[in-house]
Structure formats: C-alpha cells, structure tokens
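Secondary and tertiary structure notes
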There are 2 protein chains.
Amino acid sequence: MSAGNLLVAQGGGPTAVVNLSLLGVVEEARKSGINRTGKIIGALHSIDGIMDENFIDLGRERPASLRNVAMKPGAALGSCRRKMAEEDYGRIVDILRKYDVRYFFYIGGNGSMHTVYKVEQIARSVGYELNAIGVPKTIDNDLAYTDHCPGFGSAAKYFASVTREIGLDVESLPPPVSVIETLGRNTGWLAASASLARENDGDAPNLIYFPERVFNLGSFLSDVSDVYDRWGRAVIVVSEGLKDKSGQYLGGVNARASRDGFGRDLPGGAASFLAARIAEKLKLRARSEKPGLAARTAVEYASSVDRKEAYLVGQQAVRAALKGKSGIMVTLERAKGDRYRCSVGEAPLESVAISEKLLPSKFINTKGNHVTTAFQKYLLPIVGDPIRAFAELSGYRLAKKASTRRSTGRKIGKH
Amino acid sequence: MSAGNLLVAQGGGPTAVVNLSLLGVVEEARKSGINRTGKIIGALHSIDGIMDENFIDLGRERPASLRNVAMKPGAALGSCRRKMAEEDYGRIVDILRKYDVRYFFYIGGNGSMHTVYKVEQIARSVGYELNAIGVPKTIDNDLAYTDHCPGFGSAAKYFASVTREIGLDVESLPPPVSVIETLGRNTGWLAASASLARENDGDAPNLIYFPERVFNLGSFLSDVSDVYDRWGRAVIVVSEGLKDKSGQYLGGVNARASRDGFGRDLPGGAASFLAARIAEKLKLRARSEKPGLAARTAVEYASSVDRKEAYLVGQQAVRAALKGKSGIMVTLERAKGDRYRCSVGEAPLESVAISEKLLPSKFINTKGNHVTTAFQKYLLPIVGDPIRAFAELSGYRLAKKASTRRSTGRKIGKH
C-alpha cells in the first residue's frame, strides 16, 4: 500500500451522533500519522461532493473545533440523496485515483454500504489499490450483521423519553388519547423503543404498532377501546411505516381520500389518520404528535453509549484499513452474558448491502401490539442512560366531609 | 379574615413549569405559617376534584419530594377540561365553605381565570370570606395584563431549539423543505418564538406564519419558492391555528377533503397540509414535523427564567392573599430599560377573564411571514438561556485538480 490520502463522507439521513463517527475517523487518522504523509479529505454533501470534487481538508481543522462539531445535529460534511447510476461508481474510483485517495470511509446506512461495496469492487477490478470501509449509521437500526447501529440508541432514547413525558401530560389532563408517530418507514425498531417509557402497568405507551405486522384497523380500535376502558386514557405509538393489508401506508389511505381535492398524496400521517379514526369510531378526543426530524436532531436526548459507539466505529474503520482490510463494514458485537460489553467486528459489504434487518418476531408480543421483555433486554444497554424518571406526589387523601352546612344557591351573570 | 384552609388547583393544559407555580404556592404557604393553623389542600384534577371533594393534604408532602415533583411534566395535581355550568360556581363556593377554605389559588389560563373570577364574585355576594387569586399559566402567552405568561418561555425555547436543530439537518441533507407546526391555536406567540433559532440569513426558520393573519396559499407558495431559489432549502414554521379567508383551519381543509371517506375532520395538520401543497405545486420534496404535546412536556428544554418566574407567581399569589387581596391575577411586569428585570404585579380577574392577547402587529413583519426585531427583543430575556448553538467545520477548501490521469471506464454488475 502506497502512502496516500484519506477520504471520508457521510451518506443518508443524519443521526444525533453521526458526527462522532466522523470525529472517530479523523482523530484516528491523525493518531496513526496518515496526515503526516497524506491529507484527510472530507467530501461535502457526500457522493455529490465526490463527483464535483468538492473537498475540504479536515486535517487542517483544529482538534478542539472538530470535537465541538461532533456534537452538532445534521451531517457536518453534508449528505445527499443521490440516486446512483451504474456509471457513477467507476467515476468515483476515477476521482479517488485523481486525488490519490487510498483510504475511503463512508458513514451511512444500507444504500451507502452498497455504494462502498461497488466502489471497492471496481477499484479492485481495475487494480487500483484502495481500502474502502463502511461505517454504520442509521436511526432505523436495520443494518444486518451488527448487533445494532450507531444513531439508533439516541433516537430510541428520544422516543422513549418523549413518550414518557407525553404520557404524564395525558395522565394529568384527560380526555385522553394521544397517538405518537415514530420514524422508521420499513422497520419497527424505533416504535418498539418507546416501550422503555413504561415503568408500571398503565404507563405510556399502552400500545405499539409495527410495520412488520399488517395493520388491522378493527383490532387496533378494539385494543384502544380496551386500554381506555381500563385506564381512562391511552398513549399509542405507531411507526410511520404502518401498512394496511393492501400494502398501502396508513397515511396513504388518508392521502388517497384527499387526492381528488389536491391531486397528491400527503406525506406520512399514520398517527394523524389513526387519531381521526379513534375520534370517529370510539368517540374519544384523540390527538396526534409527530416529532419527525426532531427525533434524530435532538442532541439533548442523545445516548452516551451511542455517542461512544459512534466514535468507536469511525475509529475502528481507520484501524482496519491500516491493517489492509477493505470491502467490509465495521460492526458492533455484543458479548454474551448479563453485563453489556460491546466490541467491534466486521462484516463483508457484499452481504450487508443486500440485507435489511426487520424487528424479529421474538421482540413483538403475540397480539402484535407491544414488545416482549426480550426486546427490552436487548435495548436497555444500547440506550445506556436511564430514561429520565419523574417524581410524583405522595397524595395523602383528605377524608371527605359529610355534608355542606348550607347551600349558596345563587347564580350571577352569564358565562 | 378567619384562619382557615388553603386550596390550590391546576387548570387547563400543562406546561413544562406548571408544577413550579404549585411549589411556589405550597412553600410560601408553609413559610407564612398557614399550615400551622390550617391545611394546604390540593384538588385532584382541578374543578372536577373540587366538585367531587377529591382532595389531598399537600402540607404532608415532604419538602424535598415537592421540589422533585416541581420538575415533572404534566400537572402534578391533575387538570381537567370541564365545561363549566352556571350553577357550578355556586357549588364550588359551597364546597370551599364546607372545607373552611379561605384561600383559593387557581393556576391556569383564560378559562381558569374566568372560573376564579366567578367563584370570587359569588363568595363575595353571599358574604363568604374568601381570598381567591389567579396564578397565570399558559404556553400560548395569550393572557392580557401581564408582560408574558409562565410556561410560554419554555415552550418558546423548545420551538426555537428544535427549529434550529431541524434547520441543521435540512441544511446537511437537501432536498430541502420542512414545515414545522407549533402549538397555539388562536395566537402566533409560539410560532413567532421559533425565530430565535436564526443567527444568520438563510438559517431556519426562513418563514413563519401566524393565525393573526389570514392565510393565503398563493403568497405562501410564492414565499417558499423565493426562499428555495435563494438558499436551496426552506424551513417553515406555521401555527396550528392558521385559517384561510373562509375562517377554516388549514388542517380543516385537508380534513374536509377526506371527510367523505371517513366522516370526520382530522385534528390539526396545517404543516402536513402545507407540505403536501409544496410538493404538489412547487415539485419540491417537503415533509412536516408536528412535535405537538412534546413541546409543552420537554423539561429538557425548559427555560431557567421561566422556571423562576413560574415559582414567583405562585409565591406572590400567597403573599397577596395574606395581605387581603382577592379577585386578582398575579402578573409579571417588565421594568423599562435595557436590562431585563421582571417583578410581580396584579390585574383584576374581571378584566383578565374576558381578554385574549394576540401577537401585536408591531411583532409581525409587513409581509406577514416573519417577526420584527422588536419581537426578538421582547422574547430573548423571557427565554433567558441562549438557544443552544452548534459549531461548524472551518471548511478549508481543497483546490480542484485539473484532470484525471486515466479513466477506469469499466462497469460491473447491476445496481
């Protein structure tokens, strides 16, 4: 391997910790001395930036500034939503060669892993020496071959915290139904995560619905009705990716109904759709909350374990590349045993790129409306920090007095 | 004034600091010695709790526990949405008399202030000695006769923070439009608050729309188009209370379109409606975020100034009552001058109860799509803490290289 330059880019949707992976790459590159013989290049707006040769010299950033940048929401280098054409991969290799890039690190999810895979394959086939490594990142937690994905733990903590907080609001002010929509278009990992909000029976979330199960409105309304009858309230968490038996997004059903008027489907909206159905069919006051992007930008709620692991995978990518590894994605491997220990491993990009990890059945209860304890055992250490708990009044009841001495019995004015 | 008991209740929607007002009442009552001669009674679920004589003895709560409870989201005593009947007010006076309540503190917004007003009037008219005082609380900031309302500063900080964070996400990953819906059904105070997110031209929020202005879809789309042309992205903040010229909520327009299919209006939805219009008319990828209740429960974002002031109004209510005041709401009065100083005052409940403070025209720009600097000057000290700022990369550009030495020119496989 010749000395040469390093290039790092960030693909796909940001997470609350995505810039810690960037920091891990840059700090490890500096530590290893790559920056003494070559440059540490950052591509602005991901593949778009590579194509346009829109590069910055990360080696010149002050170490302290980089550490601050690592805490910001949004991808610090910028990301993109480019639809890759087949010829793009070869073009990327051309540009990497032009800039003498010998280490290529791409921080991203499934789509990005596919890109690194293709770039690595082409470089190899044309005999260009390149160590290309994928750094996992996704709030959706749907990358295979890794115990979990950096970015997921923070978004999970967000939804668990917010669900608990909203639960306390709903409890204090009946009536009584709130439907919270989580991110996660194809998988239920984030919807499931809200389950950590619950400490006692009756706590939010009372019900959770996953895109891994076909959504049935009848069972849903029956579930909500049961919860309401028992607790006088219901906090329900739904994935934005819920689909009915015809394979349509629930928001899409809502959208189709309004398409005639406006000609176009509405984006998202499962929670809003379901709140309307609850109001209509169960005659309950129901509202919906859809934090949306706030769930992946809220650094206030980021998980400290997630922060560490996001850094770790970036750091490990550089270490692996320097050992001559290429064509792999860094993974997180959980040690067996009760105490949570997580180390880094690797998986071939070829396998990662074609997989999507759904929430497994063992993590969904038999009724399909909440999680199992196995899921909570899986999730708890990833979220790391406890979900903030709140004190309650002891509530010493006063005895009721027998009767009123006399009635005022007077009315004044009009309301 | 005979010695007697004190009763406190919380009405309307919770805020992130509503329990600090409760703490202010209870701690001041203890300090004043009311608890040596009488009880400090809390009504569970507000007026419902009074009607049902569902009371707890707050004097028995441990001081440290109360301080912890003061930090929880949701009304610690519970609230209610009771529609008051004219005879209810007299019934409340009967019950206060039955429990020998001589001090009545009601923490709430316009509706609650009306209730205290009526109760105080009836007590007075039947010769029952009662000191009834309103303690202001609302995220909406729509109570008149007070510079601002406890609860507003924290929700304002929430929307400013989340708008900034989402802005960074959108900036890092074009394309490029996010519409954020704020709470505030009748007034634009909270929508306006998101303006604090902006430090530089082009920062989020690019546009803000208020219920104080009739919403015009054509001007809106033209505004969004202008912003997009200039910045390549747009973060737009809209109040949930936006209405078109026929007086219909925007979410309502959306709802009417889908009413035939499902028989009922959807709740809220201005942001989702507008994101769909942007996608349809401007052919831009647009999404919507609606944090909803999260905005009033997110204690992580609570303003330290708001916390202090929420405590202060509770404390002052007790002090005023002990001086023989009744039929007033405690207010916050801002001293003239550049340095922010806020003291407590009072306003007659009779006046407060019939007013709603809209966002004044001096705080809305002439185009009706953002705030004025006068508004920011008003808001900044109320929010108190700086909106969390984030570091950016210095971004030392690498010079582009002239040409590629040779082209790989090879394709492999299929995407």
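Conventions adopted
- Residues numbered from 1 in each chain as written.
- Chains lettered and ligands numbered in written order.
- Predicted model: local features only at pLDDT ≥ 70, side-chain atom pairs only at ≥ 80, totals over all residues.
- Heavy atoms only, no water.
- Helix = DSSP H or I, 4+ residues; strand = E, 2+ residues; numbered from the N terminus.
- Buried < 20%, exposed > 50% of the residue type's maximum accessible area, 1.4 Å probe, protein only.
- Contact = heavy atoms within 4.5 Å.
- Least-squares fit on C-alpha atoms with pLDDT ≥ 70 in both.
- Salt bridge = Lys/Arg side-chain N within 4 Å of Asp/Glu carboxyl O.
- Polar contact = N/O pair within 3.5 Å; in protein donor to acceptor, adjacent residues only side chain to side chain.
- Nonpolar A, V, L, I, M, F, W, Y, C, P; charged D, E, K, R; others polar.
- Phe/Tyr/Trp six-rings, centres within 6.5 Å; stacked < 30°, edge-to-face > 60°.
- Lys NZ or Arg CZ within 6 Å of the ring centre and 35° of its normal.
- Expected span 1.5 Å × (residues − 1).
- Pairing = 2+ DSSP bridges.
- Axes fitted to C-alpha atoms, helices over the stretch in contact; angles between N-to-C directions.
- Core = buried A, V, L, I, M, F, W, Y, C linked by side-chain atoms within 4.5 Å.
- Right-handed = clockwise from strand over helix to strand, strands pointing away.
- Parallel < 35°, antiparallel > 145°, perpendicular 65-115°, else oblique.
- pLDDT = per-residue confidence, 0-100.

When helices and strands are counted, chain A shows 15 helices and 11 strands. Each of the three principal axes of chain A carries a C-alpha extent, and together these read 95 × 50 × 50 Å. Taken over 415 residues, chain A has a buried fraction of 64%. Residue pairs at least 24 apart in sequence account for 75% of intrachain contacts in chain A once pairs closer than 6 positions are excluded.

Moving on to the relation of the copies chain B and chain A. For the match of chain B to chain A, the screw axis carries a shift of 0.0 Å, the RMSD comes to 0.0 Å, and the turn is 180°. Between the two chains, the operation in question is that of a two-fold axis. When C-alpha positions in chain B are compared against the rotation axis, the closest is assigned to P291 of chain B, at 2.0 Å. Of the interface residues in chain B, 100% have counterparts in chain A that sit at the interface too, so the contact is made through matching surfaces.

Before going further, it helps to examine the interface of chain B and chain A. Taken together, the contact between chain B and chain A spans 121 residues of the former and 121 residues of the latter. One can count 4 salt bridges joining chain B with chain A. Between E300 of chain A and R388 of chain B there is a salt bridge whose closest N-O contact spans 3.2 Å. Taken together, chain B and chain A are joined by 31 residue pairs in polar contact (both at pLDDT 80 or more). The class makeup of the residues in the side of chain B that touches chain A is 53 nonpolar, 30 polar and 38 charged.

With that settled, the discussion passes to the packing of aromatic side chains. Counting across every chain of the model gives 29 aromatic pairs over all chains. On the numbers, 5.2 Å between centres and 55° between planes, the contact of F215 of chain B with F220 of chain B is tilted. A single burial state applies to F215 of chain B and to F220 of chain B, both of which are buried. Between F363 of chain B and F375 of chain B the ring centres are 5.4 Å apart and the planes differ by 65°, which places this aromatic pair in the edge-to-face class. Here F375 of chain B lies in helix α15 (residues 373–383) and F363 of chain B lies in the loop between α14 (349–352) and α15, a separation of 12 residues in the sequence. The same class applies to F363 of chain B and to F375 of chain B, which are both buried. Clustering of aromatic rings is evident, with ring pairs tying together Y158, F159 and Y301 of chain A together with Y158, F159 and Y301 of chain B. R277 of chain A extends its terminal NZ or CZ atom over the ring of F273 of chain A, reaching a point 4.7 Å from the ring centre.

Residue and element names in this part refer to chain B. The terminal C-alpha atoms of helix α13 (residues 304–322) lie 28 Å apart, and with 19 residues this matches the ideal 27 Å at 1.5 Å per residue to within 8%. Its side-chain oxygen at 3.2 Å from the backbone nitrogen of V305, S303 defines the N-terminal cap of α13. Following α13 by one or two positions, G324 adopts a phi angle in the positive range, close to 95°.

For helix α5 (residues 86–98) of chain B, a buried count of 11 out of 13 residues is recorded, marking the element as mostly surrounded by other parts of the structure. Those residues of α5 of chain B that sit buried are E86, D88, Y89, G90, I92, V93, D94, I95, L96, R97 and K98 of chain B.

Residue and element names in this part refer to chain A. Tallied over the entire structure, the rule returns 42 salt bridges over all chains. Its salt-bridge partner being D48, residue R82 comes within 2.8 Å of it at the nearest N-O pair. You can see R82 sitting in the loop between α4 (63–69) and α5 (86–98) and its partner D48 sitting in helix α3 (residues 46–51), a full 34 residues away along the chain. Judged by relative accessible area, D48 falls into the partly exposed class, the value being 26%. The closest approach of N and O atoms between E53 and K98, which form a salt bridge, is 2.8 Å. With a gap of 45 residues between them, E53 in the loop between α3 and β3 (55–57) and K98 in helix α5 connect regions that are remote in the sequence. Owing to a relative accessible area of 7%, E53 belongs among the buried residues under this scheme. Overlapping salt bridges, with partners in common, bring together E28, K31 and R319 in one network.

All names here are of chain A. Taken in spatial order, the 4 strands of this open sheet run β7-β8-β6-β9, and their pairing is parallel. Edge positions in the sheet fall to β7 (207–209) and β9 (286–289), since each of these pairs with one other strand and no more. Neighbour to neighbour, the strand axes of the sheet diverge by 20° on average, direction disregarded. Here 4 bridges tie strand β6 (residues 177–182) to β9, and the two strands are oriented parallel to one another. What sits directly across from I180, in β9, is E289. Here helix α9 (residues 217–231) sits on the sheet in contact with β7 and β8 (234–239), set at roughly 165° to β7.

To continue, consider the side chain of S326 of chain B. Residues and elements named next belong to chain B. On the secondary structure map, S326 appears in the loop between α13 and β10 (328–334). In terms of polar contacts, S326 uses its side chain to reach the backbone amide nitrogen of A132, at 2.9 Å. If we ignore the near neighbours within four places in the chain, the residues touching S326 are E120, R124, L130, N131, A132 and I133.

The subject of this paragraph is the nonpolar core. Y158 and F375 of chain A together with Y158 and F375 of chain B are the most contacted members of the largest nonpolar core, which totals 76 residues. The residues contacting Y158 of chain B, other than those within four sequence positions of it, are Y158 of chain A together with P291, A294, A295, A298 and Y301 of chain B.

All names here are of chain B. The buried fraction of strand β5 (residues 131–136) amounts to 6 of the 6 residues, a majority that puts the element mostly inside the structure. The two faces of β5 match: N131, I133 and V135 on one face and A132, G134 and P136 on the other face are all buried. Relative to β5, strand β4 (residues 101–108) is paired through 6 bridges, and the arrangement is parallel. Bridging from a neighbouring strand, Y106 pairs with G134 of β5. With respect to chirality, the unit in which β4 leads through helix α6 (residues 110–125) into the neighbouring parallel β5 is right-handed. Of the pairings in the sheet, the one linking β5 to β10 comprises 2 bridges and is parallel in character. Note that in β10 the partner of I133 across the bridge is I328.

The next point concerns the packing of helix α9 (residues 217–231) of chain B against helix α11 (residues 270–282) of chain B. Residues and elements named next belong to chain B. For the pair α9 and α11, interaxial distance at closest approach is 11 Å and the crossing angle is 70°. Between α9 and α11, the angle is such that the two are roughly perpendicular. Listed contacts from α11 to L217, F220, L221, V224 and S225 of α9 are L274, R277, I278, K281 and L282. Taken together, the residues that form the contact of α9 with α11 break down as 7 nonpolar, 1 polar and 2 charged.

The next point concerns the sheet that holds strand β11 (residues 342–348) of chain A. All names here are of chain A. Strands sit in the order β3-β2-β1-β4-β5-β10-β11 across an open sheet of 7 strands; the sheet is mixed. Across the chains shown, the open sheet's two edge strands, defined by having one partner strand only, are β3 and β11. Across the sheet, the mean angle separating the axes of adjacent strands is 30° when strand polarity is ignored. Where strand β10 (residues 328–334) meets β11, 7 bridges bridge the pair, whose relative direction is antiparallel. The partner of M329 across the bridge, within β11, is A347.

What follows deals with the packing of helix α7 (residues 152–172) of chain B against α15 of chain B. All names here are of chain B. Taken N-terminus to C-terminus, the directions of α7 and α15 make an angle of 105°; their axes are 9 Å apart at the nearest point. For the element pair α7 / α15, the angle class is roughly perpendicular. When α7 is examined against α15, the residues F152, G153, A156 and K157 are found in contact with a partner set consisting of Y378, L379, I382 and V383.

All names here are of chain A. For chain A, per-residue confidence averages 91 on the pLDDT scale, and residues scoring 70 or more make up 92% of the total. In this model residues 253–267 is a low-confidence stretch, pLDDT under 50, and it forms 42 contacts with partners more than four residues away in sequence or in other chains. Prediction confidence for the complex, expressed as pTM and ipTM, is 0.93 and 0.93 respectively.

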